[in-house]
Amino acid sequence: MEAELASIIKVWILVIVSLSYCFYFSSKLPKGIFRLLSLTPVFFLFLYLPLTVSSAHVVGLTTFFLAWLGNLKLLLFAFDQPPLSPPPPTLFRFISLASLPIKHKTTAPSQPPHNISHHLPKPVLLAIKVGILALVYHYYNYKQHLHKNVVIAMYCIQLYIELELMFAMAAVPVRAIQGLELEPQFNEPYLATSLQDFWGRRWNLMATGILRPTVYDPVRRISARVLGPMWVSLPAVLAVFVVSGLMHELLFYYWSHVAPSWEVTWFFILHGVATTVEVAVKKVVPEKKRLPRAVSWLLTLGFTVSTTLWLFFPPIVRTGVDERLTRDFPELVDYFQGLLPSCLALL
């Protein structure tokens, strides 16, 4: 674990140096091709850095934070688009926005979808999720006696809760040092009543927020030339899912170093097609004639879980990444718990 910690430190030293270069040099260049060319070495560096770490969780976070979100944010920065343009007032804020899954809340939120966090205090909800995660890890000891789909469903629960916890922890230093109010990263996705609700307003909102300006908006503008205003969003929605599928294939490659099987891409294409059909139906069916909320919730949950069991998790299980994920997280927690007394002593 000491070697892995050294690798993590090297990664973030390179991230800080490269983003300092972007802040002090690239931001002074005119937007467009010249700024884009100046950022090209950073794009390649961010694609390379996940290969320098080995823990499954660290690989996943490095890929998502840097190879995915970081590169797309810098691509927008090359053309003077938010969230990095205009450049934040301090280098710390620029690095934080570029390398972490955070978004500064600048406007009052729209009416949020119904969720149980309105009725439960956040610490209570967090404690419940941590307890569920602990139960999942406990029952992994008996997974040889469980049906394989039950085990994969446990992986789904583990993935969601760990992602929410780790993304929230990544935002803590920025919130504490800068005092910024940040957008939520997840919004109780298990309560989604439609695929559009799940992907657009509840699951991994940082990815949704960065794919909109980089993929959805450009494809929508191109589609507007050939499609009427009623249907112009459909190819843009599908394009977002295709790009998301390819980015997940990249993540799976970093995890396993095995050539893509394309099951994950097909998972996202299937969800993209289903979401575009759902959006199209909503455009022609009045709201009062749609399915009851409870039925929509069951259908959404059933479709998401069944397609996950069918296409998303099999490559993870086949390449042994699931074993690494279940082994690495407790080891990371134990290691950093061991470091905590030393850190407190230094303070």
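About the thresholds
- Residues numbered from 1 in each chain as written.
- Predicted model: local features only at pLDDT ≥ 70, side-chain atom pairs only at ≥ 80, totals over all residues.
- Heavy atoms only, no water.
- Helix = DSSP H or I, 4+ residues; strand = E, 2+ residues; numbered from the N terminus.
- Contact = heavy atoms within 4.5 Å.
- Areas by Shrake-Rupley, 256 points an atom, 1.4 Å probe, with all protein chains shown as cover.
- Phe/Tyr/Trp six-rings, centres within 6.5 Å; stacked < 30°, edge-to-face > 60°.
- Buried < 20%, exposed > 50% of the residue type's maximum accessible area, 1.4 Å probe, protein only.
- Salt bridge = Lys/Arg side-chain N within 4 Å of Asp/Glu carboxyl O.
- Expected span 1.5 Å × (residues − 1).
- Core = buried A, V, L, I, M, F, W, Y, C linked by side-chain atoms within 4.5 Å.
- pLDDT = per-residue confidence, 0-100.
- UniProt positions renumbered as here; feature names shortened; annotations may be inferred.
- Axes fitted to C-alpha atoms, helices over the stretch in contact; angles between N-to-C directions.
- Parallel < 35°, antiparallel > 145°, perpendicular 65-115°, else oblique.
- Left-handed = near helix turned anticlockwise from the far one by under 90°.

### Regarding the overall build of the chain
Alright, step 1. Across its full length, the chain carries 13 helices and 0 strands.
Alright, step 2. Listing each helix as α and each strand as β along the chain from the N terminus yields α-α-α-α-α-α-α-α-α-α-α-α-α.
Alright, step 3. Counted over contacts in the chain with a minimum sequence separation of 6, partners at least 24 positions apart contribute 73%.
Alright, step 4. Accessible surface, the chain: about 18300 Å² in total, of which carbon and sulfur atoms supply 70%.

### Details of the packing of aromatic side chains
Alright, step 1. Under the definition given, this model contains 29 aromatic pairs.
Alright, step 2. On the basis of an interplanar angle of 40° and a centroid distance of 5.5 Å, the ring pair of Y140 and Y155 is categorised as tilted. In this pair, Y140 is assigned in the loop between α5 (122–139) and α6 (148–178) and Y155 in helix α6, connecting sequence segments 15 residues apart.
Alright, step 3. Here Y140 falls in the buried class, since its relative accessible area comes to 8%.

### Observations regarding the pattern of salt bridges
Alright, step 1. The final tally for this structure, using the stated rule, is 8 salt bridges.
Alright, step 2. A salt bridge links E188 to K129; the nearest nitrogen and oxygen atoms lie 3.1 Å apart. Of this pair, E188 sits in the loop between α6 and α7 (195–201) while K129 is found in helix α5, placing the two residues 59 residues apart along the sequence.
Alright, step 3. Since its relative accessible area comes to 8%, K129 is described here as buried.

### Observations regarding helix α10 (residues 263–284)
Alright, step 1. Between the first and last C-alpha of α10 there are 32 Å, a value that for 22 residues agrees with the 32 Å anticipated at 1.5 Å per step.
Alright, step 2. E263, V264, T265, F267, F268, H271, G272, T275, T276, E278, V279 and A280 are the residues of α10 that are buried.

### Here we look at the nonpolar core
Alright, step 1. Counting residues in each nonpolar core, the largest one holds 87 residues, and the members touching the most others are L19, F46, W68, L74 and W255.
Alright, step 2. Considering each element in turn, this core owes the most residues, 15 residues, to helix α3 (residues 56–78).
Alright, step 3. Setting aside its immediate chain neighbours within four residues, L74 contacts L19, C22, L39, V42, F43, F46 and L84.

### Section: the confidence of the model for the chain
Alright, step 1. Predicted confidence across the chain gives a mean pLDDT of 87, with 90% of residues reaching 70 or more.
Alright, step 2. Ranking the elements of the chain by mean pLDDT puts helix α13 (residues 321–346) last, at 65, and helix α2 (residues 33–48) first, at 97.
Alright, step 3. Taken together, the stretch residues 108–114 has pLDDT below 50 and engages in 9 contacts with residues farther than four places along the chain or on a different chain.

### Quick notes on the UniProt feature "transmembrane region" (unreviewed entry) in the chain
Alright, step 1. According to UniProt, the feature "transmembrane region" (unreviewed entry) maps to residues 6–25, 32–51, 57–79, 124–140, 230–254, 266–285 and 297–317 in the numbering used here.
Alright, step 2. Helix makes up 96% of residues 57–79 and strand 0%, with an end-to-end C-alpha separation of 32 Å.
Alright, step 3. Secondary structure content for residues 124–140 is 94% helix and 0% strand, while the C-alpha to C-alpha distance between its ends is 25 Å.

### Considerations on the packing of helix α9 (residues 233–256) against α10
Two numbers describe a pair of packed helices, the interaxial angle and the distance between the axes.
Alright, step 1. Contact geometry of α9 with α10 gives a least axis separation of 8 Å together with a crossing angle of 160°. Classified by the interaxial angle, the pair formed by α9 and α10 is roughly antiparallel. As for how α9 packs across α10, the hand of that crossing is right-handed.

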